[in-house]
Amino acid sequence: MDGVRSYYFSRYGLAETLLTQFGAQTAEEAEAAIQGHDLEEALEARIRQLMGEIRIHFPNPEYPPNSEVEGHLVQELDGTPGEQVGANGYFVRPHVLLGDGQLNGQRYGFINNPLPGKEIIQRYYPPATRLSIGKASASNVKKTRLFTLACTVTTLTPLKAARRTGESDRGAVIPDLPLPELLSYLDLYLDLQPSLPGPTQANTNDDGKPFLLQNEGTFPDPPPGWTFGTLGVVAGIGSWARKNGFFDDAKPVLEALANRRVYVIDTSGTNRSETAGSHVATLARKGILRPALENAWKIQTNANEEDVQRVLRRWLLRFNPAYFRDFISLRATYPRSFSPLFDAYFMPDYDSSLVHSARAAAQHINTQAYHAADGTGDTKRQNKQTILSSLESTLYDCDDGPELIARISVQVGRLTGSDFPPGAREFFDQTTAGELTLREARNLLVAYMRLRGTTSDDQATATEGKPQASGEEPAPEQGAPDTTAEAGETDPSDVPPQEDASSPTDLDDAISDLP
């Protein structure tokens, strides 16, 4: 039992069985169940139940394209190679952490031999082997049968955050939580089941091939696939909890999930672990995290998309200055849904009035860059980005705060002749007085001057691209999102300048004595 408790993957299966088989929701109830029952027998019983949760069958040879269809759970599994496969309308559900080759096969296939014997073979029981228990070779491992049974429950249970990650690969998030917190997490997972699409529900692609709705995620409101892990799961469950009045119940679970190590396990073998912090749960609770993740595709930059996602994910997980600098170094333009995200990052360290003042200054820069840009449509937008990049380079060339304010005032003033708004004064004053370091002032300006548009992101309709239609379970074809501009977006600078060139502002006194 100590070995089962000490390893995150087997502990998850133990907690799942204690909850589903014995109704244990607390540490005391769990201990009573452990002491009062034969756990091997309970785990075997749970595995037999979960065998009916592996596959969905769509019996019709053809379905109408782009339609909603319904399959049924397969209770009589066949592990014969080539039988219950996608070509015959059989699809593996996304929570099953076994590859197709591991499921099928007469001798070593899991379906034909679901329960372990006395000897535990690595390739026969991947849950007990591919997850870092100390053996890299294909030789047998010295683990108990109880351990393997618990790992197998984790592998098969639909009570975990999972999604399809490739043509025939699947991934899941397994939190490394102590047993009491794990019971609370799984209990919450039972509560959210009615909010999920049914396991047998699917949409068809242009060829009429089904794609399970739960492939996008077996947790509520799943954001885009690249966020899968701590960020995606906390954002999705947090969104569901906000909508359904469950946040008081969900808060300790999300806090635990955000503050403990999480393992992202994939049947492809690309496993990873990650840790975050309580800020992730706070962002989810305030409704900031999920919109930012959902709209991240609207970030405009010359950087590679995977690099953008990598540095954004890393910053959101840690929320520290080093990773923030990596993120803003992309020289990107951000959707408006990033504004509360930046606020949440800056406001713990600065007065809200200063942050608002910095944002007023930065958005003035953004507006004037737009007015000064030549052309129309995409050409005007591109020219605006060139101007912003030049101004950003100016910020990085400055040696101190007074120089930054002086140079940016002159450079922006030359664009359209418009003065900075009065709201920018506090930021100017603190920067010139040295109350803000050069780096702090620059970070505030760069973040907010790169925010796009005053129009809500809701005006843009986007769908995260789904896996390509190939392999075991083809996905419906989706139009690629337009990453060059937001549909129907009005640039912030479409609003006329607040003042014309001849209008003095109360910032004149603030900058008159600058070099």
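First, a word on scope: everything that follows refers to the structure included in this document.

Thresholds, definitions, all that
- Residues numbered from 1 in each chain as written.
- Predicted model: local features only at pLDDT ≥ 70, side-chain atom pairs only at ≥ 80, totals over all residues.
- Heavy atoms only, no water.
- Pairing = 2+ DSSP bridges.
- Helix = DSSP H or I, 4+ residues; strand = E, 2+ residues; numbered from the N terminus.
- Buried < 20%, exposed > 50% of the residue type's maximum accessible area, 1.4 Å probe, protein only.
- Phe/Tyr/Trp six-rings, centres within 6.5 Å; stacked < 30°, edge-to-face > 60°.
- Lys NZ or Arg CZ within 6 Å of the ring centre and 35° of its normal.
- Salt bridge = Lys/Arg side-chain N within 4 Å of Asp/Glu carboxyl O.
- Core = buried A, V, L, I, M, F, W, Y, C linked by side-chain atoms within 4.5 Å.
- Contact = heavy atoms within 4.5 Å.

An order of β3-β1-β4 is seen for the three strands of this open sheet, with the pairing classed as antiparallel. Each edge of the sheet is formed by a strand with only one pairing partner; in this case those strands are β3 (72–73) and β4 (90–92). In this sheet, β3 lies alongside strand β1 (residues 55–57) in antiparallel orientation, the contact comprising two bridges. Paired with His-57 across the strands is His-72, a residue of β3.

Burial runs high along strand β6 (residues 170–175): six of the six residues are buried. Linking strand β5 (residues 161–164) to β6, which pair antiparallel, is a turn of five residues.

Glancing now at the packing of aromatic side chains. A complete count under the given rule lists 30 aromatic pairs for this structure. Ring centres of Trp-315 and Phe-327 lie 5.1 Å apart, and the angle between their planes is 15°; on these two criteria the pair is classed as stacked. Of this pair, Trp-315 sits in helix α12 (residues 305–318) while Phe-327 sits in helix α13 (residues 321–328), and the two are 12 residues apart along the sequence. Each of the two residues, Trp-315 as well as Phe-327, counts as buried. An aromatic cluster is defined as three or more aromatic residues linked by ring pairs; in this entry it consists of Trp-315, Phe-319, Phe-324, Phe-327, Tyr-334, Phe-338, Phe-342, Tyr-345, Phe-346, Tyr-350 and Tyr-448. Between the NZ or CZ atom of Lys-380 and the centre of the ring of Tyr-370, over which it lies, the distance is 4.7 Å.

Going through the model one piece at a time under the given rule, you end up with 19 salt bridges. Across the pair Asp-176 and Arg-11 runs a salt bridge, and its minimum N-O distance is 2.3 Å. Of this pair, Asp-176 sits in the loop between β6 and α7 (179–191) while Arg-11 sits in helix α2 (residues 8–22), placing them 165 residues apart in sequence. Taken individually, Asp-176 and Arg-11 each receive the classification buried, so the pair is uniform in this respect. A salt bridge links Arg-170 to Asp-100, with the shortest nitrogen-to-oxygen separation between them at 3.4 Å. Separated by 70 residues along the polypeptide, Arg-170 in strand β6 and Asp-100 in helix α5 (residues 100–103) bring together distant segments of the chain. Accessibility expressed as a relative area gives 2% for Arg-170, which makes it buried. Several salt bridges share partner residues, and in doing so they unite Glu-40, Glu-44, Arg-48 and Arg-145 into one network.

Turning to the nonpolar core, a few remarks are in order. Formed by 133 residues in total, the largest nonpolar core has its most connected members in Tyr-185, Phe-327, Phe-338, Phe-342 and Phe-427. Here this core takes eight residues from helix α19 (residues 438–449), the largest share from any one element. Non-local contacts of Phe-427, meaning those with residues more than four positions away in its chain, are made with Leu-354, Ser-357, Ala-358, Ala-361, Ile-405, Leu-436, Ala-441, Leu-444 and Leu-445.

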